[in-house]
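Okay, here's what each chain looks like letter by letter:
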Amino acid sequence: MAIDMMKKVPVREQEPKVRATNFDEVCLGYNKEEAMDEATRCLNCKNPQCVVGCPVSINIPGFIDEVKKGDFKKASEIIAESSALPAVCGRVCPQESQCEGKCVRGIKGEAVSIGKLERFVADWARENGVKPEVKAEKKGKKVAVIGSGPSGLTCAGDLAKLGYDVTIFEALHKAGGVLVYGIPEFRLPKDKVVQPEIENVEALGVKIETDVVIGKSTTIDALLEEEGFDAVYVGSGAGLPKFMGIPGEQALGVYSANEFLTRNNLMKAYRDDYDTPIARGKKVVVVGGGNVAMDAARTALRLGAEVHIVYRRSEAELPARAEEVHHAKEEGIIFDLLQNPTEILEDENGWVKGIKVIKMELGEPDASGRRRPVEIEGSEYEIECDTVIMSLGTSPNPLISSTTKGLEINKRQCIVADEDTGATSKSGVYAGGDAVTGAATVILAMGAGKAAAKGIDEFLSKVQ
Ligand SMILES: Cc1cc2nc3c(=O)[nH]c(=O)nc-3n(C[C@H](O)[C@H](O)[C@H](O)COP(=O)(O)OP(=O)(O)OC[C@H]3O[C@@H](n4cnc5c(N)ncnc54)[C@H](O)[C@@H]3O)c2cc1C
């Protein structure tokens, strides 16, 4: 079939009605022929802007050229030079605002489907047993990495490739950070995709110790002063949920999105063979309009509920990716826009029975540049529901900063670290990812992990 050079080769997806009732992956990805067809759309620009748009600077035209030729192994090796988590990134990166957002093809038509090509190559490599190799000589120095999310994994992998002895300490019983506890299975399969990429990092020699909470089990100061580590990287994320502070928020059946998603993703509440408790609401209200809200809403839908998203601005201001909103709508999520909760209503047993909301209109732009929502007086009304999921953002947990001497944080509880090297106010301690920026993206967290690995290497090269 002739290829339309202006348009992406369409990617196959599960039908909305079918997928709304299961937790299988929504997007089915490209097959070989589709990937090779899509690769022919790449112009192999001399000055590739897509690489500039990628926070870990993957040689995008280079790997796409190999896909064009059908050498998928070579393509995977090129990606592996820059990214330890390509199958993850191919699925969850906001490509439209990064690599694809800069693609020259996008000026007159649709950008090359870089994310779907990355995903294809990474899946092919995994299915064909391609493993990363380490050739570095051992340096005889130990680095501790706190947190096994994308930032910690990337920093650990890069340091292992440089010859350091790296141990990741992870508070939860499973490695992966948000990739395993936050992002749902239907967007990012855990056993099939996340676990093998973590195993690839382990194959570089990285050790992962789970169930170790830094700040409780031990501290950064003890790691450096008593446990023989020469440097520490803090990639502990931003897992502390925010609430609105409205009456009724303590009622039974009110969840933070993080808890709701953790019960489902990490603790498999959706599966009959697990006994993790979760309220399977008949009518669920999710408060918020970001990607996390979309994930919580689509998860609640798959557990059998009618789901409403209550968001205080209009559709144009929804912070979630357009693709996520589109998928949520296709699956039947109801968007109650320009509305804001004022109270959660409880029944006589303390369970949620509804939520009071007030209608809003948009005023002048605020500091974020988005038009400020203003309450419409006297417009309050009640939505009946049995579960409320608060998805209002997260911040870093203060446990690490409060147990480490001399570690500077800002007023948002984020660790202060140098953007280029990850260096913090404490010598030998580096930080990056959501712990530094607040909730952001997988690829930015990975970029910070890479930069810090270089920073740590430079620091340790000077220490005898
Ligand atoms: C539901 C959800 C959906 C998202 N969807 C997307 C998406 O589609 N695309 C995208 O790019 N981004 C998405 N994000 C954001 C993205 O996942 C994060 O920006 C990214 O995971 C941050 O990586 P990190 O390594 O800094 O932190 P995390 O992934 O949060 O990992 C931090 C790890 O540190 C551990 N930890 C914390 N404190 C301690 C301690 N004291 N001791 C030991 N270990 C500790 C945590 O248990 C965790 O495993 C999403 C986030 C959520 C919550």
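Refer to the structure above for everything that follows.
Residues numbered from 1 in each chain as written. Predicted model: local features only at pLDDT ≥ 70, side-chain atom pairs only at ≥ 80, totals over all residues. Heavy atoms only, no water.

Q: Could you clarify how one ought to interpret the site of the ligand in this entry?
A: Near the ligand, the surroundings consist of 33 residues, among which Val92, Glu170, Arg187, Ile214 and Asp434 are the closest. Take Ala171: an N or O atom from its main chain is 3.1 Å from a nitrogen atom of the ligand. The contact in question runs from an oxygen atom of the ligand to an N or O atom on the backbone of Val442, over 2.9 Å. Alone, the ligand offers 1000 Å² of accessible surface; in the complex the protein occludes 92% of this. Taken together, the elements giving at least two residues each to the shell around the ligand come down to helix H9 (150-161), helix H14 (291-302) and helix H18 (442-462). Counted by class, the shell around the ligand contains 18 nonpolar, eleven polar and four charged residues. (Near = heavy atom within 4 Å. Polar contact = N/O pair within 3.5 Å; in protein donor to acceptor, adjacent residues only side chain to side chain. Areas by Shrake-Rupley, 256 points an atom, 1.4 Å probe, with all protein chains shown as cover. Helix = DSSP H or I, 4+ residues; strand = E, 2+ residues; numbered from the N terminus. Nonpolar A, V, L, I, M, F, W, Y, C, P; charged D, E, K, R; others polar.)

Q: Looking at this structure, I do not really get the nonpolar core. What am I missing?
A: As a rule of thumb, nonpolar side chains are buried together in soluble globular proteins. Membership of the largest hydrophobic core comes to 68 residues, with the highest contact counts inside it found for Ile60, Phe63, Ile64, Val67, Val88 and Ile456. Of all hydrophobic cores here, the second largest spans 31 residues; its members include Ala20, Phe23, Phe186 and Tyr255. (Core = buried A, V, L, I, M, F, W, Y, C linked by side-chain atoms within 4.5 Å. Buried < 20%, exposed > 50% of the residue type's maximum accessible area, 1.4 Å probe, protein only.)

Q: Is there a simple way to explain the layout of surface pockets in this structure?
A: Empty space left among the atoms is revealed by rolling a probe the size of a water molecule over them. Looking at the second largest pocket, its volume works out to about 970 Å³. Around the second largest pocket, the lining comprises 37 residues; the ones closest to its centre are Ala80, Glu81, Ser83, Pro132 and Lys161. Secondary structure elements with two or more residues in the lining of the second largest pocket: helix H5 (72-80), helix H6 (86-92), helix H8 (114-127), H9, helix H11 (190-203) and H18. By residue number, the principal contributor to the lining of the second largest pocket is H18, which donates six residues. (1 Å grid on protein atoms, 1.4 Å probe; cavity = no way out; pocket = protein on both sides within 12 Å on 5 of 7 lines; lining within 4 Å. Points joined across faces, edges and corners; volume = space filled by probe spheres on them.)

Q: Explain the state of the cysteines here, please?
A: Considering all chains together, one arrives at zero disulfides under this definition. With no disulfide of its own, Cys99 lies 6.4 Å from the sulfur of Cys54, the closest cysteine sulfur. (Disulfide = S-S within 2.5 Å.)

Q: I would appreciate a short explanation of the sheet that holds strand E10 (residues 306-311) in the present structure.
A: Two strands in a sheet stick together by hydrogen bonds in their backbones, pointing the same way (parallel) or opposite ways (antiparallel). Ordered in space as E8-E16-E9-E10-E11, the five strands form an open sheet in which the pairing is parallel. The open sheet has two edge strands with one neighbour each: strand E8 (254-256) and strand E11 (334-337). Direction aside, neighbouring strands of the sheet carry axes that sit 20° apart on average. Pairing between E10 and E11: four bridges, direction parallel. Along E11, the bridge assignment pairs Ile309 with Phe335. (Pairing = 2+ DSSP bridges. Axes fitted to C-alpha atoms, helices over the stretch in contact; angles between N-to-C directions.)

Q: Any chance you could explain the packing of helix H13 (residues 257-265) against H14 here in plain terms?
A: When two helices pack together, their arrangement is given by the angle between the helix axes and the distance between those axes. In the contact formed by H13 and H14, the axes pass within 10 Å of each other and the chain directions differ by 50°. It follows that H13 is oblique to H14 by the angle criterion. The two elements H13 and H14 cross, and the hand of that crossing is left-handed. Between H13 and H14, the residues in contact are Ala257, Phe260, Leu261 and Asn264 and Val292, Asp295, Ala296, Thr299 and Ala300, respectively. (Parallel < 35°, antiparallel > 145°, perpendicular 65-115°, else oblique. Left-handed = near helix turned anticlockwise from the far one by under 90°. Contact = heavy atoms within 4.5 Å.)

Q: Looking at this structure, how should I read a nonpolar patch on the surface?
A: Residues Leu43, Val104 and Ile107 make up a contiguous nonpolar surface patch of about 290 Å² in total accessible area. Within the secondary structure, Val104 is located in the loop between H6 and helix H7 (105-108). (Patch = residues over 30% accessible without salt bridge, like charges linked within 9 Å, V, L, I, M, F, W, Y side chains within 5 Å. Salt bridge = Lys/Arg side-chain N within 4 Å of Asp/Glu carboxyl O.)

Q: Help me understand the packing of aromatic side chains in this model?
A: Any pair of aromatic rings gets described here by the distance separating the centres and the angle formed by the planes. Counted by the stated rule, this structure contains seven aromatic pairs. On the basis of an interplanar angle of 50° and a centroid distance of 6.2 Å, the ring pair of Phe23 and Phe186 is categorised as tilted. In this pair, Phe23 is assigned in the loop between helix H1 (16-19) and strand E2 (27-29) and Phe186 in the loop between helix H10 (178-181) and H11, connecting sequence segments 163 residues apart. Both residues of the pair, Phe23 and Phe186, belong to the buried class. Ring geometry for Phe169 versus Phe229: centroids 5.8 Å apart, planes at 80°, classification edge-to-face. With Phe169 in strand E4 (residues 165-169) and Phe229 in the loop between helix H12 (220-225) and strand E6 (231-234), the pair connects residues that are 60 residues apart, well separated along the chain. Like Phe169, the residue Phe229 is buried in the burial classification. Taken together, the ring pairs connect Phe23, Phe186 and Tyr270 into an aromatic cluster. Against the face of Phe229 rests Lys142, its NZ or CZ located 4.4 Å from the ring centre. Over the aromatic face of Tyr381 sits the side chain of Lys359, whose NZ or CZ is 5.5 Å from the ring centroid. (Phe/Tyr/Trp six-rings, centres within 6.5 Å; stacked < 30°, edge-to-face > 60°. Lys NZ or Arg CZ within 6 Å of the ring centre and 35° of its normal.)

Such coordinate-based values are descriptive only and should not be taken to indicate function.
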